[in-house]
Amino acid sequence: MKRSITLQINGKTHTGEVEPRLLLIHYLREVAGLTGPHIGCETSLCGACTVTVDGKAVKSCAMFAVQADGRDVVTIEGLASNGDLHPLQTAFWEEHGAQCGYCTPGMIMASKQLLDRNPHPDEDEIRHGIKGNLCRCTGYQHIVNAVKSAAAKMGA
Amino acid sequence: MASTVTKTETLFGKRMKRKEDPRLITGTATYVDDIQMPGMHHAVILRSPYAAARIRSIDTKRALELPGVAAVFTGADVKDVGPVPCGASLPGLRVPHHHVLAQDRTYFVGHPVAVVVAADRYIARDAVDRIEVDWEPLDAVADPEKALEAGAPAVHPQWPDNKAFDYHQEHGEVDKVFAEADVVVKQRITSQRLIPCAMETRGVVAEWRSGEKALTIYTSTQIPHLMRSLVAGMLGIPENKLRAVAPEVGGGFGSKLNVYAEEALMGFVAMKIGKPVKWIESRRENMLATTHGRGHVDYYEIAAKKDGTIVGIKLKLIQDVGSYHQLLTPAIPTLSVLMMPGVYRCQNIRADIVGVFTNCVPTDAYRGAGRPEAMHGIERMVDILAAEMKMDPAELRLKNFIQPEEFPYATATGLTYDSGDYDKPLKKALEIAGYAKLREEQRAARSAGRLMGIGLSTYGEICAIGPSPATPAGGWESATVRIEPSGKVTVHTGCSPHGQGEETTFAQIAADELGVDIEDVIVLHGDTAIVQYGIGTFGSRGTAIGGTAMYFAIQELKAKIKRFGAMMLGCDEVRFEDGRCVCGKTGKSVTIQEIAAASYRAMKLPPNTEPGMVATYFWEPPNFTFPFGAHIVVTEVDKETGDIAVKRYVAVDDCGKIINPLIVAGQIHGGVAQGLGQALYEEAVYDDSGQLMTGEFMDYCVPKSTMVPWIEDSNTETPTPVNPLGIKGVGEAGTIGCSPAVVNSVVDALSPLGVRHIDMPMTPEKIWKLVRGGAA
Ligand code: FES
Ligand code: FES
């Protein structure tokens, strides 16, 4: 029944036996112990579980752990390097992009993909880039500001 | 002893990034679902698929046979667990017994019927499908107006009229002013059922320590202390053997201002199986079984003189209660009545509420709780009156505002408005929006055949809820401030913030008052084993009441600091400033850090002074606070598609003194997005059989980033005399000001077609029909 998988998560190799039906989000949270990515719907509608797989933002509730076999996953926990916050993390802090924080890890990961693809997005492009991620607290305005500010710093 | 450098900059009023954010942006915060314990089991709940049904029998055998399943409990097992409490009381209130699991009958889709406990979540979910229930579906009613009709199915068989309560309030000479009025306008206005949709669903972890006979409940709540008191009662365990923890909480908006069946149920399960148990609500369950908000059908009448002076307001309010009363269900519409005159000088009011049982999940507090309904009503009615009288809506409002010199102002509903200057935000908003120019543009747009609308709202609301006599569980708040021997400051607040940034705003106040660095202050909350009893975070009360409690605790400490300072300096004339006690005669000083150390070392004590540096203060507010503001919304309606484009959103809010403008702006933005959701997108739709048709994010439209406009936000600051900080509260203002401004704008856009009212949500389909058919 169980299948053996090996994947990279935040630069570390993880190997394990999993049930084929185990969702990647559950693998990350309950097997790998990475509780940064959250569950807001389990139906690929809210984006709280967003991580990157081979560099692309993915809703990890919409993927099985076995599908991540051999691939490279980055979660919010893997974003800072050597203890230095990623510019997006700093910008979310400085611009008050988080209130309850529940959407925040997914929102930052989606924003990262947005900036990878378009380093200088305007407001409209930012709103489109994060529209797969719901936030009930912020009304998005400070998130837009955060992404703008990160873009400016990363481009500088 | 080495003294420490202290700060001199004032932080009150300063834009500061939040102290809570480092854990949130790194994914290291601990929400309920992040808690893991050895031996922890997982619970999944079987819920009623019918809005009304008799349970003939339940067979759990096949579920129990599944390897990994530890236990299954049904209604029969939990007979002795006390009922889910209703904390509000009204004369003649009918309160159905609300068991934590259904007994022989279910009353709404989502009603908990049984709970499966298993070694892992997947097994528990599999096992739930193996429970066999023999159902006898019954007739249900989901619409409150239909529920009031003769012959409607009875939600609770003992009350065939489906009435949960009646409530009447009246002041002045209502009949006389209506008889003598020059103009009377009437309108039926609904505030639809909404689903709060905090991004974190509810969740509970319960841990039973058999040796100590002590239970810990970790729950995603806004009120850990009240939850503990009430759940201890439900489970029959002493209150001091129950520890409640609200860990990181991923949004509440009123939906976690409650005591739920599942909280007691998980306590019960943990005690039965002797292992920790976790229950995490799925999104679908969240939509079905966590309280909804609003659910009003309002019949308004307003009377005016020919110069536009409003003289009387009548309201018949039908409140959709749902199947049960949750913690505050019946109290919510009474808040609407309290605020029904809004910011206008009108002393003649009559309100009649009828609370109606329906086969739906209960309604209860949702961001604004009663005030958005009231403001939607009065602000729509004022616009309808303005249209009827061919007056400009801004002018009509300015004419009827209570004036600054009239405060404190006694309203017809029994409130005393603390302070206000209603012209200010309106005039500021008109200026920012460029109102006169917008009206010109509108004339041009209309002659070009375009549907452009300008709408405004001037809202007032109740914050800092509230004085204890007006609040079911007590309306005070508590704080303990502890200056540690090193001089670091630990604040314990009885509030339970979950996104509002109180760890930051409280620290700003404490740092200012004590003259220490903000980095030296931490604010703890949400754990009954650590924090003294408290009330919680809701009703825009946290900072205005909890922050004030902390302020007073600090004043006690400052008196004590001065006594130590005087002793240490050998000076009878000391003042405390910038974190040090200074002798008025010699100019010599000791720092707060030195004083803290001396207070614990206690080699020598000032007269009548205990060692240590801790103070606890329970602050009872003398009144609510009453923020206000003005929102202006410019819209354009697409005739072909019925789509509404929000072109501009101007918000000028007055929440009293501002501690941190960044946080205030964030609260307004989020509030506006929820108000906009109600105005344009969101509705909990039940079909006639009581099935929820909007049970996922696919069907229930929480606004996305592309659906919320840029908000041009600013403030005016009118301090309150209710507390020494002058702060009023801001958590709900955005929501309260938003929906009427948006609807007024769209009605204004469609007014050339003869439209005078539109009920929310203003979906493209509804607008398209109006554009084609003309009439509302
Ligand atoms: S939990 Fe994956 S998208 Fe919502
Ligand atoms: S910050 Fe709470 S959901 Fe986004």
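Procedures and definitions
All residue numbers refer to positions counted from 1 along the written sequence of the respective chain. Note on labels: chains are lettered from A, ligands numbered from 1, in written order. Thresholds applied to this predicted model are a pLDDT of at least 70 for local features of residues and 80 or more for the giving and counting of side-chain atom pairs; totals over whole chains, interfaces and linings are not thresholded and use all residues. Excluding hydrogens and water, the side-chain values take into account all heavy atoms of the structure. To qualify as a helix, a DSSP run of H or I must reach at least 4 residues; to qualify as a strand, a run of E must reach at least 2; elements of each kind are numbered from the N terminus. Radius of gyration: over C-alpha atoms. The globule rule applied is 2.2 Å multiplied by the number of residues raised to the 0.38 power. The buried label applies to any residue whose accessible area, calculated with a 1.4 Å probe on protein chains only, is under 20% of its type's maximum; exposed applies above 50%, and partly exposed to all values in between. Only heavy atoms matter for contacts: two residues are in contact if any of them lie within 4.5 Å across the pair. All accessible-area figures derive from a Shrake-Rupley calculation using a 1.4 Å probe, and residue coverage is judged against the displayed protein chains alone. Those domain boundaries reflect an automatic or database domain assignment. Accessible-area loss on putting two parts together, using a 1.4 Å probe and summing over both, is the definition of buried area adopted here. Nitrogen and oxygen atoms within 3.5 Å of one another constitute a polar contact, given that in protein one can donate a hydrogen and the other can accept it, and given that sequence-neighbouring residues count only through two side-chain atoms. For this document, the term salt bridge refers to a Lys or Arg side-chain nitrogen within 4 Å of an Asp or Glu carboxyl oxygen. Here the arc refers to the directions that run from the helix axis out to each C-beta atom. Strand pairing requires that DSSP identify at least two bridges connecting the strands. Each axis is a line fitted through C-alpha atoms, and for a helix only the stretch in contact is used; angles between axes span 0 to 180 degrees, taken between their N-to-C directions. Any two cysteine sulfur atoms lying within 2.5 Å of each other are counted as a disulfide. Only the six-membered ring of Trp is used, alongside the rings of Phe and Tyr, when aromatic pairs are assigned; centres must lie within 6.5 Å, and planes under 30 degrees apart are stacked while those over 60 apart are edge-to-face, with the rest tilted.

Turning our eyes to something else, we now look at the overall build of chain B. Tallying secondary structure elements over chain B gives 19 helices and 28 strands in all. Here the C-alpha radius of gyration of chain B, 28 Å, is about what a compact globule of 776 residues would show, namely 28 Å. Each principal axis of the C-alpha atoms in chain B carries an extent, and together these give about 85 × 70 × 45 Å. Per-residue burial over chain B gives 67% buried out of 776 residues. Counted over contacts in chain B with a minimum sequence separation of 6, partners at least 24 positions apart contribute 80%. For chain B, the exposed surface amounts to about 26100 Å²; the carbon and sulfur share of it is 51%.

We now examine the domain arrangement of chain B. Residues and elements named next belong to chain B. Taken domain by domain, chain B holds domain 1 (21-29 + 476-619), domain 2 (32-138 + 201-249 + 256-289) and domain 3 (296-466 + 623-773). Domain 1 and domain 2 are separated by 39 Å when their C-alpha centres are compared. Opposite the 18 residues of domain 1 that make contact, domain 2 presents 18 residues. For the pair domain 1 and domain 2, the summed buried surface comes to about 1500 Å²; carbon and sulfur atoms form 52% of the total. Together, His498, Thr528 and Tyr533 form the three largest contributors to the area buried by domain 1 at its contact with domain 2, with a combined 38%. Connecting domain 1 to domain 2 are 7 residue pairs in polar contact (both at pLDDT 80 or more).

Time to look at the interface of chain B and chain A. Tallying the contact residues gives 56 residues for chain B and 49 residues for chain A. Here chain B and chain A share an interface that buries about 4600 Å² over both sides, 55% of which is from carbon and sulfur atoms. Broken down residue by residue, the surface that chain B buries against chain A is led by Ile25(B), Tyr122(B) and Met199(B), which jointly contribute 18%. There are 7 salt bridges connecting chain B and chain A. Note that Asp33(B) is salt-bridged to Arg29(A), the shortest N-O span being 3.4 Å.

Assignment of secondary structure puts Ile223(B) in the loop between strand 10 (214-219) and helix 6 (224-235). A C-alpha to C-alpha distance of 6.3 Å links Ile223(B) and Ile535(B), two positions 312 residues apart in sequence.

On to helix 19 (residues 764-773) of chain B, then. Residues and elements named next belong to chain B. Among all positions of helix 19, only Ile767, Leu770 and Val771 are buried. Down the axis, helix 19 shows its buried residues gathered within 100° of arc, on one side only. Away from its buried face by more than 90 degrees, helix 19 exposes Glu765, Arg772 and Gly773. Check the buried side of helix 19 and you find it contacts strand 18 (451-460), strand 26 (628-637), strand 27 (644-654) and helix 18 (733-750).

Residues and elements named next belong to chain B. Reading across the sheet, the 3 strands line up as 22-23-24 and stay open at both edges, with antiparallel pairing between neighbours. The open sheet has two free edges, formed respectively by strand 22 (574-577) and strand 24 (589-591), since each of these has just one partner strand. Sheet twist, expressed as the average angle between the axes of neighbouring strands with direction ignored, equals 20°. Sheet analysis places strand 23 (residues 580-583) next to strand 24, joined by 3 bridges and oriented antiparallel. Looking at strand 24, one finds that Arg580 is bridged to Thr591. On the sheet, helix 16 (residues 592-601) packs against strand 22, strand 23 and strand 24 and is oriented at approximately 75° with respect to strand 24.

Chemically, a disulfide is nothing more than a covalent bond linking the sulfur atoms of two cysteines. Under the criterion given, the structure shown has 1 disulfide over all chains. Left unpaired, Cys197(B) is separated from the closest cysteine sulfur, that of Cys701(B), by 10 Å.

What follows concerns the packing of aromatic side chains. All names here are of chain B. The final tally for this structure, using the stated rule, is 17 aromatic pairs over all chains. An angle of 70° between the planes, with centres 5.7 Å apart, marks the rings of Tyr50 and Trp135 as edge-to-face. Of the two residues, Tyr50 is situated in the loop between strand 1 (41-47) and strand 2 (53-59) and Trp135 in strand 6 (residues 132-137); the sequence distance between them amounts to 85 residues. Given the relative accessible area of 16%, Trp135 is considered buried. Judged by centre distance (5.6 Å) and plane angle (65°), the ring pair of Tyr107 and Tyr324 falls under edge-to-face. With Tyr107 in the loop between strand 4 (105-106) and strand 5 (112-118) and Tyr324 in the loop between strand 14 (310-322) and helix 9 (331-338), the pair connects residues that are 217 residues apart, well separated along the chain. You can call Tyr107 buried: its relative accessible area is 13%. By way of ring pairs, the aromatic residues Tyr344, Phe401, Phe407, Tyr422 and Phe628 are connected into one cluster.

Residue and element names in this part refer to chain B. One open sheet holds the 4 strands; their spatial order is 21-20-19-25, and the pairing between them is mixed. A strand with exactly one partner marks an edge of an open sheet, and here the two such strands are strand 21 (521-524) and strand 25 (614-619). Sheet twist, expressed as the average angle between the axes of neighbouring strands with direction ignored, equals 15°. Where strand 19 (residues 477-483) meets strand 20 (residues 489-493), 5 bridges bridge the pair, whose relative direction is antiparallel. Considered in strand 20, the bridge of Thr480 is made with His492.

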